[in-house]
Amino acid sequence: MTSPWLPVEPLKDEAFAHVRRRAIFDCCKWDPQVGDSSAIARHPLVVSRGAWLEVVGLAEALARETLAAENEIVRRPELHRRLGIRRSIRNALQRAAAIGASAGAARLIRFDFHFTDDGWRISEANCDVPGGLNEASGFPALVGPHYPWAAPVGDPVAAYAEALASRAGASATVALVHATSYSDDQQMMAFVGRRLAAKGMSIHLASPSHLRWRDGTAWLEAAWWRGPLDLIVRFFPSEWLDGLPRETEWPHLFAGARTPLSNPATAIVPQSKRFPLIWDALDTPLPTWRALLPETRELRDAPWQTSDEWIVKPALGRVGEGIGMRGVVEPKEMRRIARDARWWPSAWVAQRRFHLVPVDVANVRVFPCLGVYTLDSRVIGAYGRLAERPLIDSRAADAAVLAA
């Protein structure tokens, strides 16, 4: 099978130093180093034009199926428990089932594609709070001029900002709500905020603890500003919302909000890695999901403790955290993951392992991931990650995505 990845040479030291410096200041990439490793790849991830067009078609089909399935599942509370979601969050989802989900605006999803020895597969859909936007929009502009034979595949933040401005109005007051103690969350919100401010919108970077609600309208109650909001951009995971103070009335992010949300918290439904376990109970057809996601089972129904062909995943894990992959994850870490999975099996799944096709760059073998963004079911760009082992986690470097 022909690989979709095209060979490239890494940037020379001087060029890479310039890109790294501009990434910090232009792209809000404030954490360009993780331990002893660079968090920025020295070369882009270049995909053939034909392969990219194929992925675009797959991602847009996945997005349509995902949003249709979410709408159905929210209305069916009998399915919520199987998703591995805590009771407090399920109660908020049940309220959405009773009165209708809060209105969404500019629905953003990132599908993580991998090219395997069986062709394209996906590992997950980041439906709730898809990250990487500052790298996906900023890095191609910095790296692309060094590879003039290739071109960026899109500018996700430009498309996102345009959609948000169209929904809320160019003079809207917007809260970019995020986990303020995490620098990677803040840097992405700062980058998105710059683009929205350039359109004339009034931007407030805030914690969800600053939110209040009056008759379904969101208000910001912060030391620097108090008043009603026209739009909320949320980058605070849905499963963390129940830890907020009661006065925030966080269930409005699931149901009862008149202020549009991007994304509404009901996006946790397809975010769960246990989503495939309820497919057979749905009326919504999911042919693209079924074709691209590896077989997924309850732990009790898979030989994950003895076979290298099965991995385990936490239902609501992110950035590759908690994934148990025998022979790849260190033995001590694998034992800890196995223990947690045995103790709380309803919060985990087993998934058949796929085998990534690597890329060789300057005699170094790396394993790529292509994170494809959709906005209201339309592809708007991509985010690359490159890992030195066949597990894409926090150790992977961020890469510009180009097509040729």
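As the structure is a prediction and not an experimental result, all values here were calculated from the model. (Residues numbered from 1 in each chain as written. Predicted model: local features only at pLDDT ≥ 70, side-chain atom pairs only at ≥ 80, totals over all residues. Heavy atoms only, no water.)

A. Focus on the sheet that holds strand β3 (residues 45-47). What the three strands build is an open sheet, ordered β3-β21-β6; its pairing is mixed. Of all strands in the sheet, those bounded by a partner on one side alone are β3 and β6 (151-152). Alignment of β6 against strand β21 (residues 401-403), held across two bridges, turns out to be antiparallel. Each bridged residue has a counterpart across the sheet, and for A151 the counterpart in β21 is A403. Running over the sheet, helix α2 (residues 49-74) touches β3, β6 and β21 and is turned about 85° from β3. (Pairing = 2+ DSSP bridges. Helix = DSSP H or I, 4+ residues; strand = E, 2+ residues; numbered from the N terminus. Contact = heavy atoms within 4.5 Å. Axes fitted to C-alpha atoms, helices over the stretch in contact; angles between N-to-C directions.)

B. Looking closely at the pairing of strand β5 (residues 119-126). β5 sits mainly inside the fold: seven of its eight residues count as buried. As paired strands, strand β4 (residues 108-116) and β5 are joined by seven bridges and run antiparallel to one another. Paired with F113 across the strands is I122, a residue of β5. Hairpin connection from β4 to β5: two residues lie between these consecutive antiparallel strands. (Buried < 20%, exposed > 50% of the residue type's maximum accessible area, 1.4 Å probe, protein only.)

C. Focus on the nonpolar core. Within the largest apolar cluster, 77 residues are counted, with the highest numbers of intra-cluster contacts made by W52, F111, F113, I232, F254, W289 and L370. With 11 residues, α2 is the single largest residue contributor to this core. Sequence-distant contacts of L370, defined by excluding residues within four places in its chain, comprise W5, L45, W52, V55, F111, D112, F113, W120, A382, Y383 and V401. By size, the runner-up hydrophobic cluster in this structure holds 46 residues, among which are A105, Y147, A161 and L164. (Core = buried A, V, L, I, M, F, W, Y, C linked by side-chain atoms within 4.5 Å.)

D. Representation of the pattern of salt bridges. Counting across every chain of the model gives 32 salt bridges. One salt bridge in this structure joins R336 and D340, with 2.9 Å as the shortest N-O distance. Residue R336 and its partner D340 are both found in helix α9 (residues 331-343); the two are separated by four residues, about one turn of the helix. When salt bridges with common partners are traced through the structure, they connect K29, D31, E135, R385 and D398 into a single cluster. (Salt bridge = Lys/Arg side-chain N within 4 Å of Asp/Glu carboxyl O.)

E. Seen up close, the packing of helix α4 (residues 133-143) against helix α5 (residues 156-168). Look at α4 against α5: their axes get within 7 Å of each other, and the N-to-C directions meet at 120°. Between α4 and α5, the angle falls in the class oblique. Taken together, the residues of α5 that come into contact with α4 (itself represented by L133, A136 and S137) are P156, V157, A158 and Y160. Residue classes in the contact of α4 with α5 are distributed as six nonpolar, one polar and no charged. (Parallel < 35°, antiparallel > 145°, perpendicular 65-115°, else oblique. Nonpolar A, V, L, I, M, F, W, Y, C, P; charged D, E, K, R; others polar.)

F. Examining the sheet that holds strand β15 (residues 310-314) more closely. The sheet built from three strands is open, its strands ordered β14-β16-β15 with antiparallel pairing. The open sheet terminates on both sides in strands that have one partner only, identified here as β14 (296-297) and β15. Looking at chain direction, β15 and strand β16 (residues 348-352) are connected through five bridges and run antiparallel. By the bridge assignment, I311 is partnered in β16 with Q351.

G. Here's a closer look at unusual backbone geometry. The omega torsion across S262 and N263 is 0°, close enough to zero to call that bond cis. With respect to the element layout, N263 can be found in the loop between β13 (261-262) and α7 (268-271). A positive phi angle is found at E249, which is not glycine, with a value near 50°. Relative to the elements of secondary structure, E249 occurs in the loop between β12 (231-235) and β13. Under the relative-accessibility criterion, E249 is labelled partly exposed at 33%. Despite not being glycine, V319 shows a phi value in the positive range, around 55°. Structurally, V319 is set in the loop between β15 and α9. What makes V319 partly exposed here is its relative accessible area of 47%.

H. Up close: the packing of α5 against helix α6 (residues 183-198). Orientation of α5 relative to α6, taken along the N-to-C sense of each, is 55°, at an axis distance of 9 Å. Here α5 is positioned oblique relative to α6, judged by the angle of their axes. Relative to α6, the crossing made by α5 is right-handed. Contacts between α5 and α6 pair V157, A158, Y160, A161 and L164 from the former with F191, V192, R195 and L196 from the latter. For the contact of α5 with α6, the residue count by class is eight nonpolar, no polar and one charged. (Left-handed = near helix turned anticlockwise from the far one by under 90°.)

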